[in-house]
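This is what each chain is made of:
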Amino acid sequence: LPQYFSVDPVAASIMEIHTLNKDRERVRVGVETVAKYLDNIYLHPEEEKYRKIKLQNKVFQERISCLEGIQRFFHSIGFETKTLPVPGQETTEEYYVLKEEMLTKLEDLREYKEQLLSAEPVRAQLDRQLCVFQPSPEAAHFELPNDFYNLTAEEIKREQRLRTEAVEKASMLRTKAMREKEEQREMRKYNYTLVRVRFPDGYILQGTFYARESVSTLYSFVREALRDDWLPFELLGPGGSKLADENLAFNECGLVPSALLTLAWDAAVMADIEAAGEEQPTSPLKPELLSRVQTLS
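Numbers given to residues run from 1 along each chain, matching the order in which its sequence is written. Thresholds applied to this predicted model are a pLDDT of at least 70 for local features of residues and 80 or more for the giving and counting of side-chain atom pairs; totals over whole chains, interfaces and linings are not thresholded and use all residues. Excluding hydrogens and water, the side-chain figures rest on all heavy atoms present in the structure.

Where an unreviewed UniProt entry is consulted, the protein appears under the name UBX domain-containing protein 6, with the organism given as Zapornia atra. UniProt positions are given in the numbering used here, feature names are shortened, and annotations may be inferred rather than shown by experiment. Looking at the Subcellular location (unreviewed entry) heading of the UniProt record, one finds this comment for the protein: "Membrane".

Examining the sheet that holds strand S1 (residues 52–54)
Strand-to-strand pairing in sheets goes through backbone hydrogen bonds, with the strands running parallel or antiparallel. Here three strands make up an open sheet; going across it, the order is S1-S3-S2 and the pairing antiparallel. Two strands in the sheet have a free side with no partner beyond their single neighbour: S1 and strand S2 (79–85). Strand-to-strand twist across the sheet, computed as the mean angle between neighbouring axes with direction ignored, equals 35°. Two strands form a pair only when DSSP identifies at least two bridges running between them. Put simply, DSSP H or I for four residues or longer makes a helix, DSSP E for two residues or longer makes a strand, and each gets a number counted from the N terminus. Throughout, an axis means a line fitted to C-alpha atoms (over the contacting stretch in the case of helices), and angles, computed between N-to-C directions, take values from 0 to 180 degrees.

Comments concerning the pairing of strand S3 (residues 92–98)
Relative to S3, S1 runs antiparallel, the two being bridged by three bridges. Looking at S3, one finds that lysine 52 is bridged to valine 97. Of the pairings in the sheet, the one linking S2 to S3 comprises seven bridges and is antiparallel in character. Across the sheet, residue glutamate 80 finds its bridge partner in S3, namely valine 97.

A short note on the packing of aromatic side chains
Centres within 6.5 Å make a pair out of two Phe, Tyr or Trp rings, where for Trp the six-membered ring is used; the pair is then stacked when the planes are under 30 degrees apart, edge-to-face when over 60, and tilted otherwise. Under the defined criterion, the tally for this structure stands at twelve aromatic pairs. Between the aromatic rings of phenylalanine 209 and phenylalanine 221, the centroid separation amounts to 5.3 Å while the plane-to-plane angle is 85°, which identifies the pairing as edge-to-face. Within this pair, whereas phenylalanine 209 is found in strand S6 (residues 204–210), its partner phenylalanine 221 is found in helix H8 (residues 216–224), the two being separated by twelve residues in sequence. Burial here depends on accessible area, computed with a 1.4 Å probe over protein chains only, as a share of the maximum for the residue type. Under 20% is buried, over 50% is exposed, and the range in between is partly exposed. With relative accessibility at 0%, the residue phenylalanine 209 sits in the buried group. Relative accessible area serves as the criterion here: at 8%, phenylalanine 221 is assigned to the buried category. Every member of this aromatic cluster is reached through a ring pair, and the members are Tyr37, Phe60, Phe73, Phe74, Phe79 and Tyr96. Charges are assigned to positions over rings by a cutoff of 6 Å between ring centre and Lys NZ or Arg CZ, combined with an angular limit of 35 degrees from the ring normal. One Lys or Arg, lysine 52, reaches over the ring of tyrosine 95 and ends 5.6 Å from the middle of that ring. The ring of phenylalanine 142 carries arginine 196 above its face, with NZ or CZ at 4.3 Å from the centroid.

Notes on the nonpolar core
The biggest cluster of nonpolar side chains holds 29 residues, and the ones touching the most others in it are Val197, Phe199, Leu218, Val222, Phe233, Leu235 and Leu263. Where this core is concerned, the elements lending two or more residues are strand S5 (192–198), S6, H8, strand S7 (233–236) and strand S8 (258–265). Contacts were defined at the residue level, with two residues in contact if any of their heavy atoms lie within 4.5 Å. Beyond its immediate chain neighbours, meaning those up to four positions away, phenylalanine 233 contacts Tyr219, Val222, Arg223, Leu226, Leu263, Ala264, Trp265 and Asp266. Each nonpolar core is a collection of buried residues, namely Ala, Val, Leu, Ile, Met, Phe, Trp, Tyr and Cys, held together in the definition by side-chain atoms within 4.5 Å. Phe60, Tyr96, Leu98 and Leu109 belong to the second-largest nonpolar core, a separate cluster that totals 27 residues.

Some thoughts on H8
Among the residues making up H8, those that are buried are Leu218, Tyr219, Phe221 and Val222. Buried residues in H8, looked at end-on, bunch into an arc of 160°, giving them a common side. Note that the arc is defined by the directions from the helix axis to the C-beta atoms.

Quick look at the pattern of salt bridges
Salt bridge, as used here, is a side-chain nitrogen of Lys or Arg placed within 4 Å of a carboxyl oxygen of Asp or Glu. This model, assessed by the stated rule, comprises eleven salt bridges. Residue arginine 51 pairs with glutamate 100 through a salt bridge whose shortest N-O separation is 3.9 Å. Placement of arginine 51 in the loop between helix H2 (24–43) and S1 and of glutamate 100 in the loop between S3 and helix H5 (106–118) is noted, with a sequence separation of 49 residues between them. Linked by salt bridges that have partners in common, Glu25, Arg28 and Glu32 make up one network.

A word on the sheet that holds S7
Pairing is mixed in the open sheet, where five strands are placed in the order S4-S6-S5-S8-S7. Each having just a single partner strand, strand S4 (131–133) and S7 make up the two edges of the open sheet. Averaged over all adjacent pairs, the angle separating strand axes in this sheet is 30°, with direction ignored. In terms of strand pairing, S4 meets S6 through three bridges, oriented antiparallel.

Observations regarding helix H9 (residues 267–276)
Of all ten residues making up H9, only one are buried, and the element is barely covered by its neighbours. Identification of polar contacts relies on pairs of N or O atoms within 3.5 Å, with a donor-acceptor requirement for protein atoms, meaning one able to donate a hydrogen and the other able to accept it, and with residues adjacent in sequence counted only if both atoms are side-chain atoms. One side-chain oxygen at the N-terminal end of H9 lies 3.1 Å from the backbone nitrogen of alanine 268; it belongs to aspartate 266. Phi turns positive one or two residues past the end of H9, at glycine 277, with a value near 70°.

As structure tokens, this is what we get:
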């Protein structure tokens with residue numbers, strides 16, 4: 001959103017209002033009140049009183065000023081902040097005042113009002129941060145940022161210390177069901193997971209996923225990286241166990257906060273390809289991915 005302000009400040013400020021304020025009812029009331037202010041200006045451009053909005057006005061304070069992004073919206077559509085004297089008093093108050101030149105752009109104001117009323121929140125999409133690494137014995141070594149966790153780094157360290165101190169005693173007393181329940185609780189602490197898939201030729205494909213996404217997104221992620229996306233394959237977890245249920249979430253499969261999986265081709269299909277004598281590429285990954293291959297350190 002901050003980057004978009006240099007492209008279209010009005011649209012960017014509207015996105016902020018609808019996206020950064022989580023209370024949808026408060027947003028609705030706020031933008032409808034702003035729309036009334038703009039309607040008054042559009043319908044009565046000769047009336048100076050409609051072109052000034054007192055910031056300490058009770059309605060403005062309760063419905064509008066509490067919204068994130070609202071100040072940038074008013075400034076981007078042609079208002080400026082001014083300190084003006086109060087008639088009959090020696091005090092001053094702050095106002096949003098519409099610039100004179102905007103009176104020749106009343107249709108623009110009406111369009112801004114419609115944009116504000118019809119906008120929807122921007123839904124963030126996770127950047128997969130796709131990487132391809134050369135064959136490396138470091139594939140199982142992960143360095144994860146703190147935001148992978150719902151807990152703070154300090155809380156994680158404290159819990160790890162307490163868990164280490166109690167592990168021997170707890171393992172003697174807990175039943176299997178109790179241990180499984182605790183493991184599930186541990187998995188819910190993570191926001192994201194970093195997954196690496198090792199191909200038979202040793203190359204490693206890496207992507208970032210939400211911990212609560214389904215494993216089917218991982219299969220799609222791998223398939224999109226293949227030169228021949230029709231080739232059937234399986235993903236194997238530690239110990240060679242197949243990720244059979246693609247509807248399960250990563251945290252339900254124990255694949256958080258990181259996991260190293262192995263890709264296995266369908267043996268029958270690969271045998272048919274070999275029998276046909278077709279020349280195979282050196283790697284099943286797309287050439288554009290191989291062109292930016294990295295080395296794990």
